[in-house]
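Inside the fold
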Amino acid sequence: MSDDYEQLEPSLKNVLDQTDLRWIFVGGKGGVGKTTTSCSLATQLAKVRESVLLISTDPAHNLSDAFNQKFSKTPELVNGYTNLYAMEIDPTGSIQEMIEGAQDSGLGSHLQDIAFAIPGVDEAMSFAEVMKLVKSMDYSCIVFDTAPTGHTLRFLSFPTVLDKALGKLSALGGRFGPMMQQMSGLMGGGQANPEDMFAKLESMRTVIQEVNAQFQDPDKTTFICVCISEFLSLYETERMIQELTSFHIDTHNIVVNQLLYPKAGSNCEHCSVRSKMQAKYLEQIHELYEDFHIIKMPLLTKEIRGTDNIKEFSELLIQPYVPPQ
């Protein structure tokens, strides 16, 4: 391991120092503490940015649980903050709303059949709606608390999926649009206008392409990997980093949560055994990712819930944890 890499500080201060960063994704395997990490990071960002928006794209909606405050699909100020806002989005909600809105024109069933016939397009359209919403908002920085790994990687590949899907949908619109219009009229649906539907889908493309360009700009976007010091989590992190690289998305921070630090002379055999196991995988993490910032977060004896606990825990992302002797 070179001296240069050893000097990378074990904190997320590098993220706070990147003043041009606009999109920050926090993700990893389920149950590794993504929400706690994203809430803590957003807390620290709120200290140095004019305004921060924290978005959950996880259907589990853990932000409400973390802050003990109910959030919705509209940004709301988080209690105890002056410039941190949060919102929770149902990833499948946007397309469903579009389908329901098209029912009156007789296009709903057609849109549903077409949309769900192309893998991933429902989530991609949802993603597009989210991006259109977020782009219209004036926040200095947006933090995404993402769903578990597989969903996150699909989320980040949506610009490509949507681009391909829109090409297919446009072709379908040209070939089947007149037929759909006739069928709708025969079935009593009135004079539906398929062109309106395809125009709406096509309008998403510009937004997606613009956002995708920002996602691939390391000055604008970064992805923070969250894991625990165990084999399966380490394996998932490696797979995720490889895929992020293939999407040209910057990632250079790994947060390792739930680390045990038994006190000297402790008689807890379970703590000792797990601590040694974690130390083994932590060593592998340092070897594999010597050019990453590795942030080590302790397993505490209390839940990290509520504004005060999150603010206290968030300090450890910046000032490395010192285990008690």
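Residues numbered from 1 in each chain as written. Predicted model: local features only at pLDDT ≥ 70, side-chain atom pairs only at ≥ 80, totals over all residues. Heavy atoms only, no water.

Brief notes about the UniProt feature "binding site: Zn(2+)" (unreviewed entry) in the protein chain
Basically, it comes down to this: UniProt positions are given in the numbering used here, feature names are shortened, and annotations may be inferred rather than shown by experiment. Counting from the N terminus, the helices are the DSSP runs of H or I reaching at least four residues and the strands are the DSSP runs of E reaching at least two. Note on classification: 1.4 Å probe, protein chains only; a residue is buried when its accessible area is under 20% of the maximum for its type, exposed when over 50%, partly exposed between these limits. The contact rule is simple, with two residues in contact once any of their heavy atoms fall within 4.5 Å.
UniProt records the feature "binding site: Zn(2+)" (unreviewed entry) at Cys268 and Cys271, using the numbering of this structure. Mapped onto the fold, Cys268 is located in the loop between β7 (253-259) and α11 (269-288). The residue Cys271 is located in helix α11 in this model. Using a relative accessible area of 22% as the deciding quantity, one classes Cys271 as partly exposed. With residues up to four places along the chain from it excluded, the contact list for Cys271 reads Leu260 and Pro262.

A few points about the pairing of strand β1 (residues 23-27)
Formally: Should DSSP find at least two bridges between two strands, the strands are taken to pair.
Along β1, 5 of the 5 residues are buried, which leaves the element largely enclosed by surrounding structure. Here β1 shows no split at all, with Trp23, Phe25 and Gly27 on one side and Ile24 and Val26 on the other all buried. The sheet contact formed by β1 and strand β5 (residues 141-145) spans 4 bridges and is parallel. Each bridged residue has a counterpart across the sheet, and for Phe25 the counterpart in β5 is Phe144. Pairing of β1 with strand β6 (residues 221-228), which is carried by 5 bridges, proceeds in the parallel orientation. Residue pairing for β6: Val26 is matched across the bridge by Ile224.

Re a nonpolar patch on the surface
This is how the line gets drawn: Patch construction takes residues with relative accessible area above 30% that form no salt bridge. Like charges are linked within 9 Å, and nonpolar side chains (Val, Leu, Ile, Met, Phe, Trp, Tyr) are linked within 5 Å. Here the open area of atoms and residues is found with the Shrake-Rupley method and a 1.4 Å probe, where only the protein chains shown may cover a residue. Any Lys or Arg side-chain nitrogen found within 4 Å of a carboxyl oxygen on Asp or Glu counts as a salt bridge.
Taken together, Phe231, Leu232 and Tyr235 make up a surface patch of nonpolar side chains, about 360 Å² in accessible area. One can find Phe231 in helix α10 (residues 231-246).

Looking at the side chain of Thr221
Under the convention used in this document: Residues adjacent in sequence count toward polar contacts only when both atoms are side-chain atoms; beyond that, a polar contact is any pair of N or O atoms within 3.5 Å, and within protein one must be able to donate a hydrogen and the other to accept it.
For Thr221, the location among the structural elements is in strand β6. Of the polar contacts made by the side chain of Thr221, one reaches the backbone oxygen of Gln214; its length is 2.9 Å. What Thr221 contacts, discounting residues up to four positions off in sequence, is Leu21, Trp23, Phe25, Gln214, Phe215 and Asp250.

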